[in-house]
Amino acid sequence: MEQYFSMKAKHPDAIMLFRVGDFYETFGEDAIKVSDILGIVLTSRNNGGSDIELAGFPYHSLDVYLPKLVRAGFRVAICEQLEKPSQDKKLVKRGITELITPGITIEDTLLDKRSNNFLASLHFESKDEIGIAFVDISTGEFLVSEGNHAAIEKLLYNFSPSEVIYDKSRKKYANKLVTDHFFSYVQEEWIYTPEYTISKLLEHFKVPNLKGFGVEHLQIGKMAAGAAIHYLQSTHNDKLSHISRISRIQSDEYIWLDRFTIRNLELVQSIHEGGKSLLEVLDKTVTPMGSRLLKKWILMPLLDIDKIRKRHNAIDVLITYDDMRNFIYKQIKKIGDLERLCSKLAMEKISPREVWHLLKALEAIQPVKKVLMESSEPGLTTTGDKLHHCQTPIELIRKSIHEEAPNHVSKGNTIKDGYNDELDELRNIIKNSKELLLEIQQNEALSTGITNLKIGFNNVFGYYLEVTNKYKNQGLIPDNWVRKQTLTGAERYITDELKKLETKILTAEDKILALEEHLYAGILVQLNEFLSEMQHNAHIIAWLDCLYALSEAAIKHQYCKPVVNESKIIDIIDGRHPVIEQQLPPGEAYVPNDVFMDDTALQIMMITGPNMSGKSALLRQTALIVLMAQIGSYVPARSATIGVVDKIFTRVGASDNISSGESTFMLEMNETASIMNNLSDRSLILLDEIGRGTSTYDGISIAWSLAEYLHNHTQAKPKTLFATHYHELNELALKYNRIKNYNVATREINNKVIFLRKLEEGGCHHSFGIHVAQMAGMPVEIISRAQEILSEMEKKSIENPNSNSKKKNTQTLQNVSTVPQYQMSIFETHDPRAGKIIRHVQSLQVNNMTPIECMLKLKELIEIAEEDIE
């Protein structure tokens, strides 16, 4: 227990799995937690008069229980026995061999093979000057950036790290970024100093400066990165040669997607139970590393037109040449997760069986290189030329590792026969021990003439030669035989040759195991010399896998090749929603729609229509088509011309965030404010039902004002799709030349509404909310009463003698008042006094009135306001 507590003191905040024989044991508070999480029995043991809680599980069940502990949010320290127990040792030597946290692991049981497992490190220079670094120890990726709160928040949600670390003195700043969504761990303040962190980076990369990586100027980012390296090393991860470079996240090279947009467009995860994400639709990748890269592509669409076209052209070739595409599929399927195999190799945690898989992966790359080099597409040819043959590591593994190598070198049969002479000799001894003993017996019998000579064995003095008394006194016993035992009818002897063979036989198994471990370690060292080449191949194969996936999706779902250019036009013909069309009931076809937008004639599309008519789907599909085009994918449309978009913003749907004290409307306004404060001239904005979280008058006012702001913005003309059920907003098209009205068509037949899902020019004046309530299964009584109330309200509006006043006063409103024209009809429908007051106010000639006349007119307005409504 003294040994246990000394180890526990090194990592007091981690659960300690303490190896005792065939079990991992936990004690005290750890045991209580482990018992609860794993559902295992909590017992106790007495240690010199005091009981202490105890809970444990068999060591071979570690793969079962460890993931449960880590996923529960715990750091786990594994304390192993570092030497074999023996009768001579009362206490074996132990040490912490690994500290596993949510953000630091290479264990397959803890990782999602299709997602990165990033550790994020934050450094706060101030609350709005933040450096960030992402490192994935399982793949070797190391990325750095810096920016303000909004930029760093975007990166956090894009990369979705499993763990976030930061300086404990900056906890106040960190709490605004690192919500309950992330597992976090604080570090000591002294770690986040420029001298220490930068020296850590220089020491790790073995360079005098970081200019070669293009991150020299990122002072705050480098401090975050250095702290990440410190954290890895402090958690017993000191073999990090696979983290061989650090790259800057160049935000100006990718479309800006904030966390609201990523969520609302369901890019990588559906927000609805049973729903699908865009990633699920497009992910036809063959390898886990390809799937991880495709996820990055979706979250970081390109702005560089040349890079986008390079992907489009490569997909074009793969679609055109079926044989080439199918061949690439068959080959990369053999490669598997080469990226994570390389990381395990670097950390010397790769199993013999995985080394054999590494061989198969490297062998499968060579035919891929050949077929790419023969391609007619320059981008693919260049890519093929960059692949390494890796012939030396291939030959090394072929001659050294057994084809049926085990999962662990300690199980034996890892090294091939013929690789090492000493190992072959030891194996031969084990295999042929009986024959070797028989050979000694026959040789000695022949040389001495003792025909009935026998070889035996006992636990006292091992192997012996036994001579019966018949030959004892005949002078046949050689001088080099040593007598060890006298029996009634025989004598027993040993020889040097027999003792040497005995030693070899009895120690051969232990020696074989130790020698195999030694040889295996040496093979890993040799393979690590080619690590960078293998990692380079992994990155290229992942890139090719993504292109294969997108070509398969294009063929399967009938996508077209988009045109991406520098214009400010979005021109989509027969566009479809890539996800919804895959989830329609059998036999139901998705209704495609055209969308045209630019910055001169049609900047804002004001889209009205009933609930459930398809307004939201139209908004999302437009954004998804743009995004797909800029990741280099084909798109769900008959044709599409996309002028590069640099930011996509969405404001669609919301729910209360009760834990933070935020209502639906507050969330809606937060998201909308973020859009308005960050828009650009090439932005694409989706606004869906803005203002519905507050009163009708407030909501219409906010929506109207937003549309005006977007149209009249002096520095940008962001393309905007504005879906609303406020029909009054149709009047904006009369006032602003770049706003046009559209509606999603419906037909009403026999009091039933049919949603046609087709976008038409012109506004809509019906919401059909009662019909939607009926479709939802609302009780008949409620539906009937709602229809009665609606009929009464519409009748009252029609009978109102002032209902046409809006037309009569249009010119007056335009010339005199800045109040939106829709207000009169709204107020008159509900309160005719408001219309009277407005008309009186509009007729006033204030500059020609005396003070007395003003007071009299004010009295008249008060009297109108106090009139009773019949």
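Keep in mind it's a predicted model, so treat the numbers as computed, not measured.

Draft legend 1. Representation of the packing of helix 6 (residues 194–205) against helix 7 (residues 219–234) in the model. As a packed pair, helix 6 and helix 7 sit with axes 8 Å apart at the nearest point and diverge in direction by 70°. Taken together, the axis directions place helix 6 and helix 7 in an arrangement best described as roughly perpendicular. The way helix 6 lies across helix 7 gives a crossing that is left-handed. In this structure, helix 6 contributes Pro 194, Tyr 196, Thr 197, Ile 198, Lys 200, Leu 201 and His 204 to the contact, and helix 7 contributes Gln 219, Lys 222, Met 223, Ala 225, Gly 226, Ala 227, Ile 229, His 230 and Gln 233. Of the residues that constitute the contact of helix 6 with helix 7, the class distribution is eight nonpolar, six polar and two charged.

Draft legend 2. Geometry of helix 17 (residues 421–431). For helix 17, the full list of buried residues reads Leu 423, Leu 426, Arg 427 and Ile 429. All buried residues of helix 17 lie within an arc of 155° about the axis, which places them on one face of the element. Looking at helix 17, the residues exposed on the side facing more than 90 degrees away from the buried face are Asp 421 and Lys 431. Considering only its buried residues, helix 17 is in contact with helix 18 (433–448) and helix 19 (496–528). Residue Asn 420 occupies the N-cap position of helix 17, its side-chain oxygen lying 3.1 Å from the main-chain nitrogen of Glu 422.

Draft legend 3. Representation of helix 12 (residues 322–335). The end-to-end C-alpha separation of helix 12 is 20 Å, in line with the 20 Å expected for 14 residues at 1.5 Å each. Residues of helix 12 that are buried sit in contact with helix 10 (288–299), helix 11 (305–320), helix 13 (338–346), helix 14 (352–373), helix 15 (378–386) and helix 20 (531–557). Taken from the residues just after helix 12, Gly 336 is the one with a positive phi, measuring 65°.

Draft legend 4. Focus on the packing of helix 2 (residues 28–38) against helix 3 (residues 62–71). Running from N to C, helix 2 and helix 3 cross one another at 105°; their axes reach a closest spacing of 10 Å. Of the possible angle classes, the one that applies to helix 2 and helix 3 is roughly perpendicular. Taking contact as the criterion, the partners of Val 34, Ile 37 and Leu 38 in helix 2 are, on helix 3, Tyr 65, Lys 68 and Leu 69. Along the lines of polarity and charge, the residues of the contact of helix 2 with helix 3 split into five nonpolar, no polar and one charged.

Draft legend 5. Broad picture of the sheet that holds strand 14 (residues 454–458). Strand order in this open sheet of four strands is 14-15-17-16, and the pairing throughout is antiparallel. What marks the edges here is a single partner per strand, and that holds for strand 14 and strand 16 (482–486). Sheet twist, expressed as the average angle between the axes of neighbouring strands with direction ignored, equals 40°. Looking at chain direction, strand 16 and strand 17 (residues 490–494) are connected through four bridges and run antiparallel. Paired with Val 482 across the strands is Ile 494, a residue of strand 17. Against the sheet, helix 18 touches strand 14 and strand 15 (462–468), its axis set at about 135° to strand 14. Across the face of the sheet, helix 19 comes into contact with strand 14, strand 15 and strand 17 while running at roughly 145° to strand 15.

Draft legend 6. Broad picture of the pattern of salt bridges. Here the structure, examined in full by the defined rule, presents 36 salt bridges. Linking Lys 615 and Glu 689 is a salt bridge whose minimum nitrogen-to-oxygen distance equals 3.5 Å. With a gap of 74 residues between them, Lys 615 in helix 21 (residues 615–631) and Glu 689 in the loop between strand 24 (683–688) and helix 23 (696–712) connect regions that are remote in the sequence. Like Glu 689, Lys 615 is buried. It is possible to trace a salt-bridge network through shared partners that takes in Asp 108, Lys 344 and Glu 354.

Draft legend 7. Main features of a nonpolar patch on the surface. Judged by side-chain polarity, Ile 852, Met 855 and Leu 856 come together as a nonpolar surface patch covering roughly 350 Å² of accessible area. You can see Ile 852 is positioned in helix 31 (residues 851–865). Accessibility expressed as a relative area gives 55% for Ile 852, which makes it exposed.

Draft legend 8. Main features of the nonpolar core. With 137 residues, the main nonpolar core has Leu 122, Phe 134, Leu 267, Leu 282 and Ile 648 as its most contacted residues. The element that contributes the greatest number of residues to this core is helix 20, accounting for 14 residues. In this view, Phe 134 contacts Phe 118, Leu 119, Ala 120, Glu 141, Phe 142, Leu 143, Leu 155, Leu 156, Phe 159, Pro 161 and Ile 249; residues no more than four positions away in its chain are not counted. In this structure, Leu 119, Val 135, Val 144 and Ile 191 belong to the second largest nonpolar core, which totals 27 residues.

Draft legend 9. Quick look at the environment of Gln 81. By the element assignment, Gln 81 lies in strand 5 (residues 76–81). Here the alpha-carbon distance between Gln 81 and Leu 91, two residues ten residues apart in the chain, equals 9.8 Å. Filtering out sequence-adjacent residues up to four positions away, Gln 81 remains in contact with Arg 19, Val 20, Gly 21, Val 92, Lys 93 and Arg 94. Only 2.8 Å separates the side chain of Gln 81 from the backbone nitrogen of Gly 21, close enough to count as a polar contact. Within the structure, the side chain of Gln 81 is placed 3.3 Å from the side chain of Arg 94, a separation counted as a polar contact.

Draft legend 10. Broad picture of the side chain of Thr 105. Mapped onto the fold, Thr 105 is located in the loop between strand 6 (94–100) and strand 7 (119–126). The class of Thr 105 is buried, set by a relative accessible area of 4%. A distance of 3.1 Å separates a polar atom in the side chain of Thr 105 from the backbone nitrogen of Glu 107. When sequence neighbours within four positions are dropped, the list of residues in contact with Thr 105 reads Ile 100, Leu 110, Leu 111, Asn 117, Ile 137 and Ser 138.

Draft legend 11. Expanded view of the environment of Thr 383. Among the secondary structure elements, Thr 383 is positioned in helix 15. Judged by relative accessible area, Thr 383 falls into the buried class, the value being 8%. Expressed as a C-alpha distance, the spacing of Thr 383 and Leu 358, which sit 25 residues apart in the sequence, is 21 Å. Ignoring sequence-local partners within four residues, the contact set of Thr 383 consists of Leu 372, Ile 540 and Trp 543.

Draft legend 12. Spatial organisation of the environment of Val 371. For Val 371, the location among the structural elements is in helix 14. Between the C-alpha atom of Val 371 and that of Thr 696, which follows or precedes it by 325 residues, the distance is 63 Å. In this structure, Val 371 is in contact with Met 324, Phe 327 and Ile 328, ignoring residues within four places of it in sequence.

Draft legend 13. Geometry of the state of the cysteines. For the structure on display, the rule yields zero disulfides. No disulfide involves Cys 390; its sulfur sits 8.5 Å from that of Cys 342, the nearest cysteine.

So, how was this worked out
- Residues numbered from 1 in each chain as written.
- Predicted model: local features only at pLDDT ≥ 70, side-chain atom pairs only at ≥ 80, totals over all residues.
- Heavy atoms only, no water.
- Axes fitted to C-alpha atoms, helices over the stretch in contact; angles between N-to-C directions.
- Helix = DSSP H or I, 4+ residues; strand = E, 2+ residues; numbered from the N terminus.
- Parallel < 35°, antiparallel > 145°, perpendicular 65-115°, else oblique.
- Left-handed = near helix turned anticlockwise from the far one by under 90°.
- Contact = heavy atoms within 4.5 Å.
- Nonpolar A, V, L, I, M, F, W, Y, C, P; charged D, E, K, R; others polar.
- Buried < 20%, exposed > 50% of the residue type's maximum accessible area, 1.4 Å probe, protein only.
- Arc of directions from axis to C-beta.
- Polar contact = N/O pair within 3.5 Å; in protein donor to acceptor, adjacent residues only side chain to side chain.
- Expected span 1.5 Å × (residues − 1).
- Pairing = 2+ DSSP bridges.
- Salt bridge = Lys/Arg side-chain N within 4 Å of Asp/Glu carboxyl O.
- Patch = residues over 30% accessible without salt bridge, like charges linked within 9 Å, V, L, I, M, F, W, Y side chains within 5 Å.
- Areas by Shrake-Rupley, 256 points an atom, 1.4 Å probe, with all protein chains shown as cover.
- Core = buried A, V, L, I, M, F, W, Y, C linked by side-chain atoms within 4.5 Å.
- Disulfide = S-S within 2.5 Å.

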